[in-house]
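Below are the chains, spelled out letter by letter.
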Amino acid sequence: MLISIVVPCFNEEEIIGRFHDQVTKEISRLDAEFELLYVDDGSKDRTFELLQEIAGRDPRARYVSFSRNFGKEAAMLAGLRHAAGDAVVIMDADLQHPPELIGRMMELHAQGHDQVIAQRTRKGDRVTRTLTARLYYRLINRLVDVELVDGVGDFRMLSRRTVDAVLELTEYNRFSKGLFSWVGFRTATFGYENAVREQGRSAWTFGKLLNYGLDGVISFNNKPLRAAVYLGMLLLGIATAYSAWIVGVAMVNGVDTPGYVTLLVVVTALAGVQMVMLGVVGEYVGRIYYEVKRRPHFLVEATNVTGRERTVPSQPGRQTSGDREFARR
């Protein structure tokens, strides 16, 4: 049985050597054949050079390097497309995903589970971040068409049929956490304590987390558009009732001094609601815009993986050979 370990990398020169040493030490104890597939997401430091050195001394190491930074979603997709394993493990290079959990994943996979997910606890997180995360997941699960679980991320093992199912989902705007949930199959989840990042700082700023959260809301439902309809109907009902009240007061008491403040507040509020609704519609239109352009998810500049990339299903007007490679091997 071959197990592929997919590792997205971005500016990991401080930690990538230690990560490789710890992972290889752990997998040497396990009864399986492994390959480590590193995806360099356009790093600006020496990450790519270090990956070449690692591949030169360890025949199990493979690398795929992008022409620029395309994002973690693209890096995971590239890893899944180039992975040859009967099962695939996705993990980060910063050692916050403990390598010793791979053995536990293998045990649950052997019991027939297609997805084995490591769910981290919130122990050690700031109280504000924990509360925000819980509120977000409670809200998003009322909106989206799939179930998203707090603490469940990309650290998981996927069977080959699960990987193939995910690769059939060819949308440009990818939210992998939702895609993994959408494909389903038999799933097992176990908890682990979050490890402290050993080197550097997380690239996930508040703005990036906010955008990622919005991606999760919009990628798997059209309820915000439906909410715009309901809100419009509600505002129309309120405006009708208010107009009737104004007419009634005028008929009974006569015309009074015009309510300048009331008018200003109403106009401002309605204008704000209109802008929000236009923003919601714009988000969906923008996603359609990116989808219809049919651009590749990534461009590969260099790789030592040959004859591996799995093709996407043939569709009218769409590339059938996966995303493009402009590789120097």
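Structure first, text after, so check above.
In this report, we go over the structure that sits alongside the text. (Residues numbered from 1 in each chain as written. Predicted model: local features only at pLDDT ≥ 70, side-chain atom pairs only at ≥ 80, totals over all residues. Heavy atoms only, no water.)

## Topic: the pattern of salt bridges
In this structure the tally under the stated criterion is eight salt bridges. Of the charged contacts, one joins aspartate 92 and lysine 72 as a salt bridge, the two residues approaching to 2.8 Å between their closest N and O atoms. Remark: lysine 72 occurs in helix H3 (residues 72–82) and aspartate 92 occurs in the loop between strand S4 (87–90) and helix H4 (101–110); sequence separation between them is 20 residues. For the salt bridge of arginine 104 with glutamate 107, the shortest nitrogen-to-oxygen distance reads 3.6 Å. Residue arginine 104 and its partner glutamate 107 are both found in helix H4; the two are separated by three residues, about one turn of the helix. Among the charged side chains, a salt-bridge network with shared partners connects Lys72, Asp92 and Asp154. (Salt bridge = Lys/Arg side-chain N within 4 Å of Asp/Glu carboxyl O. Helix = DSSP H or I, 4+ residues; strand = E, 2+ residues; numbered from the N terminus.)

## Details of helix H2 (residues 47–57)
Regarding H2, the residues found buried are Thr47, Phe48, Leu50, Leu51, Ile54 and Ala55. Looking down the long axis of H2, one finds its buried residues gathered within 160° of arc, a one-sided arrangement. Residues of H2 that are exposed and point over 90 degrees away from its buried face: Gly56 and Arg57. Those residues of H2 that are buried are in contact with strand S1 (2–9), helix H1 (16–27), strand S2 (33–40), strand S3 (61–66) and strand S8 (300–303). (Buried < 20%, exposed > 50% of the residue type's maximum accessible area, 1.4 Å probe, protein only. Arc of directions from axis to C-beta. Contact = heavy atoms within 4.5 Å.)

## A closer look at the nonpolar core
With 37 residues, the main nonpolar core has Ile5, Ile16 and Tyr38 as its most contacted residues. When neighbours within four sequence positions are excluded, isoleucine 5 is seen to be in contact with Val23, Ile27, Phe34, Glu35, Leu36, Leu37, Val89, Met91 and Ile102. In terms of nonpolar packing, the next biggest core, distinct from the first, is built from 26 residues, Val39, Val88, Val183 and Val305 among them. (Core = buried A, V, L, I, M, F, W, Y, C linked by side-chain atoms within 4.5 Å.)

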